[in-house]
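Fold and geometry: a report
Each chain is listed here by its residues.
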Amino acid sequence: MSLAPRAVLVHRTTEYEELVARHGTHGQAAFFLSSRGRDIAEVAERHRRAQRALAEAGAAVPLSWRRAQVERADLDRFPFGPEDVVVAVGQDGLVANVAQYVGARPVVGVDADPGRNPGVLVRHRPSDVARLLPAAAAGVTGVDELTMVEAVTDDAQRLVALNEIYVGAAGHRTARYRLGLDGDGGVVEAQASSGVLIGTGTGATGWIRSVWQERGGTGRLPGPTDGRLLWFVREAWPSPVTGTRLSAGELTTSAHLSLTVESERLVAFGDGMESDAIELTWGQTVRVGVCGERLRLVG
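Let us look at the structure shown here. As the structure is a computational prediction, the values presented were derived from the model and not from experiment.

Here R72 lies in the loop between β2 (66-71) and β3 (84-90). This buried residue, R72, is left without a salt bridge; E71 holds the nearest opposite charge, at 5.5 Å. Polar side-chain contacts of R72 include one of 2.9 Å to the side chain of N97. Excluding residues within four positions of it along the chain, R72 makes contact with H11, R12, L94, N97 and M273.

Now for the sheet that holds strand β10 (residues 196-199). Across the sheet, which stays open at both edges, the 6 strands sit in the order β12-β11-β10-β7-β14-β15 with antiparallel pairing between neighbours. On the outer flanks of this sheet lie β12 (248-252) and β15 (278-281), each paired with one strand and no other. When the angles between neighbouring strand axes are averaged without regard to direction, this sheet yields 20 degrees.

Every buried residue of helix α6 (residues 207-214) is listed here: I208, V211 and W212. Seen along its axis, α6 keeps its buried residues to an arc of 105 degrees; they face one direction. In this fold, the buried residues of α6 make contact with β7 (164-168), β10 and β11 (228-233). Where α6 ends, the next residue or the one after it, G216, has phi of about 100 degrees, a positive value.

The rules behind each value
- Residues numbered from 1 in each chain as written.
- Predicted model: local features only at pLDDT ≥ 70, side-chain atom pairs only at ≥ 80, totals over all residues.
- Heavy atoms only, no water.
- Helix = DSSP H or I, 4+ residues; strand = E, 2+ residues; numbered from the N terminus.
- Buried < 20%, exposed > 50% of the residue type's maximum accessible area, 1.4 Å probe, protein only.
- Lys, Arg positive; Asp, Glu negative; His and termini not counted.
- Salt bridge = Lys/Arg side-chain N within 4 Å of Asp/Glu carboxyl O.
- Polar contact = N/O pair within 3.5 Å; in protein donor to acceptor, adjacent residues only side chain to side chain.
- Contact = heavy atoms within 4.5 Å.
- Pairing = 2+ DSSP bridges.
- Axes fitted to C-alpha atoms, helices over the stretch in contact; angles between N-to-C directions.
- Arc of directions from axis to C-beta.

Geometric descriptors of this kind do not, in isolation, establish any biological role.
Below, the structure written as structure tokens:
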């Protein structure tokens, strides 16, 4: 007997919840914000809207389904099952945070605060969930298969991201490493920089686009479903022993960027999730390229 489908509702702790947890009470949080020229009423109202959206999406789950709820910070410890349909209720960035954990399971992005979010990934309202869940479970609704980026270390650690992967030093220290690119004649360059950023077409609306614009906006940005990535070295430093020739480029499905660590410690993390970073030590190599899996985002 097969299990009933399960709706997994993913949400993020709100700013209001974080403030109250830090300061102890609503009143103390209000005092803290007022001392910095902010009114807690607006923060509390956004919290209420997020809670309403989560409750409405949860109420729309069919009675015959199983359900679970997980906070963003716990995604790396949550056991997703094969029958799951994931419902991310929040901002566009929450869908990106979910992407590396869900595999081929369909994801429904629900906008918890319409008008404040671009809605690129959270495309639906809570009222749409009742209609979308059965269709997603049956595979009869349209999905966009979004390209992701993957980093794999030489000791088989693996990191997947929807927007971008950053490889560099934690904090603001200089990252030292050797960078190589498939198909570039075997050239490897020693570099000192603020790190390397490798992003997808979905990420081309955010951090990658910012760096691309700073570099003059040359070349065509990839689309979310394109099988190519852009990569940029951030603030490479020229010296007698470090170069800047390998500073930007494109990776297709068959190409990889290789980075061998020459610092005591570097990190690799995806989509801003620094708490779930891979730590890299001296001499370790990480290869970054197009991921074989794609995020199946319900259209």
